[in-house]
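Report on the structure
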Amino acid sequence: MIISVYSAQPYDCDSLSEVFDATLHQLNFFNVNLNAQTAPLAEGSQAVCAFVNDRLDEPCLIELAKHGVRFIFLRCAGFNQVDLNIAQNLGIQVFRVPAYSPESVAEHAVALLLTLNRKTHKAYNRVRESNFSLDRLTGFQIYGKTIGIVGTGKIGAAFARIMRGFGCKLIAFDPFPSETLTDETGLTYLSLPQLLAQADIISLHCPLRPENRHLINAETLKLIKPGAMLINTSRGGLVDTQAAIDALQSGHLGYLGIDVYEQEESLFFRDRSEQIIDDNVWGLLLHFPNVLVTAHQAFFTKEALLEIAQTTLGNVEAAENQLHTDTRVTL
Ligand code: NAI
């Protein structure tokens, strides 16, 4: 099969080339996002392989179909970037990678939490400048704190296991509570307002859907404990960034650690160090000393890259042979 691989970074080229047999499949790599303008690059390909910030909306899907594309292989779990109704109407099949090292994402959430708390990023710079003062590096003990987990699927469950190890009290909200996880970790399911009111640290691990866009907004932020920490490694659209900034400014939100940002599509996965970033909300966010931002790297481990490449190969083989697979995304 000929596959146009979009948003292809050097590490994607390496991991996919390692797993795919070049005598069976031709991979054409493009280091641009997939959208209606770039879709014609897929001319001659039966499939495209896309990532989180590609925009597979109606105009893009129509272009792809016009150029003969019949399959979309997402290199990610979330599929909020694909208009599934339109894909189905055009007869384009969509596949995804439902899990790629959920532990990697959970571990990154913990990295954000610990860095924000113990300020290791600031300590690193101070020590390198021979500034050994501890002034303003005070953290708090994680042991015994209440952790609120929003979404207890694969990543939320991995996060729960780690935080149980820290000796925390675990509370969670998920429309589909897991009895197994309750038995394993001793967590308690609550409603979202109850969770927000009780948690010292809130971590988001649910998918973004139209109905939960801005799950964390001005109203729900009012419910959180003063000084609480919010961690988001899920999707930027779950948080109303301006509302979070207002809550940080008033001091009600104590810390914010994010690996995802609602407007990240035009920013992340590129070196923009020589550019002026025309996004005032972004500028404001970076100005806070109690905000830590990483650029969608929670998944980024050797194990996850290999799993993405292997599952994508499995998806290509299933599509070619019209085999049933749970990784196919249907309405
Ligand atoms: P999953 O499908 O295993 O679990 C999601 C859980 O969220 C399910 O238990 C579901 O019932 C629950 N849920 C759905 N709507 C909810 C709501 N409104 N409130 C609370 N819970 C809700 O998904 P998984 O693998 O745990 O991934 C979670 C999310 O993490 C993905 O959807 C994706 O957005 C994000 N992600 C981020 C990565 C990164 O590098 N930053 C990498 C991979 C995933």
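What you see is a predicted model; the values in this text were computed from it and never measured.

1. Here's the deal with the site of the ligand
The full set close to the ligand counts 23 residues, and Lys154, Ile155, Asp174, Thr233 and Asp259 are the nearest of them. The contact in question runs from a nitrogen atom of the ligand to an N or O atom on the side chain of Asn212, over 3.4 Å. Between the ligand and Thr233 there is a distance of 2.9 Å, counted from a nitrogen atom to a backbone nitrogen or oxygen. Burial of the ligand by the protein chains amounts to 85% of its free accessible area of 870 Å². Its residues assigned to classes, the shell around the ligand comprises 11 nonpolar, eight polar and four charged.

2. Topic: the domain arrangement of the protein chain
Assigned domains within the protein chain: domain 1 (2-100 + 302-329) and domain 2 (102-293). For domain 1 versus domain 2, the distance between C-alpha centres works out to 30 Å. If you look at the interface, domain 1 gives 15 residues, while domain 2 gives 10 residues. In total, domain 1 and domain 2 occlude about 1100 Å² of area from one another, counting both sides; carbon and sulfur atoms represent 42% of this. For the interface between domain 1 and domain 2, the tally reads one salt bridge. Measuring nitrogen to oxygen at the nearest pair gives 2.8 Å for the salt bridge that ties Arg55 to Glu265. Here domain 1 is connected to domain 2 by four residue pairs in polar contact (both at pLDDT 80 or more). Grouping the amino acids of the side of domain 1 that touches domain 2 by side-chain chemistry returns eight nonpolar, six polar and one charged.

The rules we used
- Within every chain, residues take consecutive numbers counted from 1 along the sequence as written.
- Whole-chain, interface and lining totals are the exception, using all residues; otherwise, since this is a predicted model, local features are given only for residues with pLDDT of at least 70 and side-chain atom pairs are given and counted only at 80 or more.
- As a convention, hydrogens and water are excluded, and side-chain values are obtained from all of the structure's heavy atoms.
- Any residue with at least one heavy atom within 4 Å of a molecule or strand is counted as near it.
- Residues adjacent in sequence count toward polar contacts only when both atoms are side-chain atoms; beyond that, a polar contact is any pair of N or O atoms within 3.5 Å, and within protein one must be able to donate a hydrogen and the other to accept it.
- Residue burial considers only the protein chains on display, and all accessible areas are found by Shrake-Rupley using a 1.4 Å probe.
- Polar here means any residue outside two lists: the nonpolar Ala, Val, Leu, Ile, Met, Phe, Trp, Tyr, Cys and Pro, and the charged Asp, Glu, Lys and Arg; Gly therefore counts as polar.
- Domain delimitation in this document rests on an assignment produced automatically or drawn from a domain database.
- The criterion used for residue contact is that any of the two residues' heavy atoms lie within 4.5 Å.
- Two parts placed together each lose some accessible area; with a 1.4 Å probe, that loss summed over both constitutes the buried area.
- Here, a salt bridge means any Lys or Arg side-chain nitrogen found within 4 Å of an Asp or Glu carboxyl oxygen.

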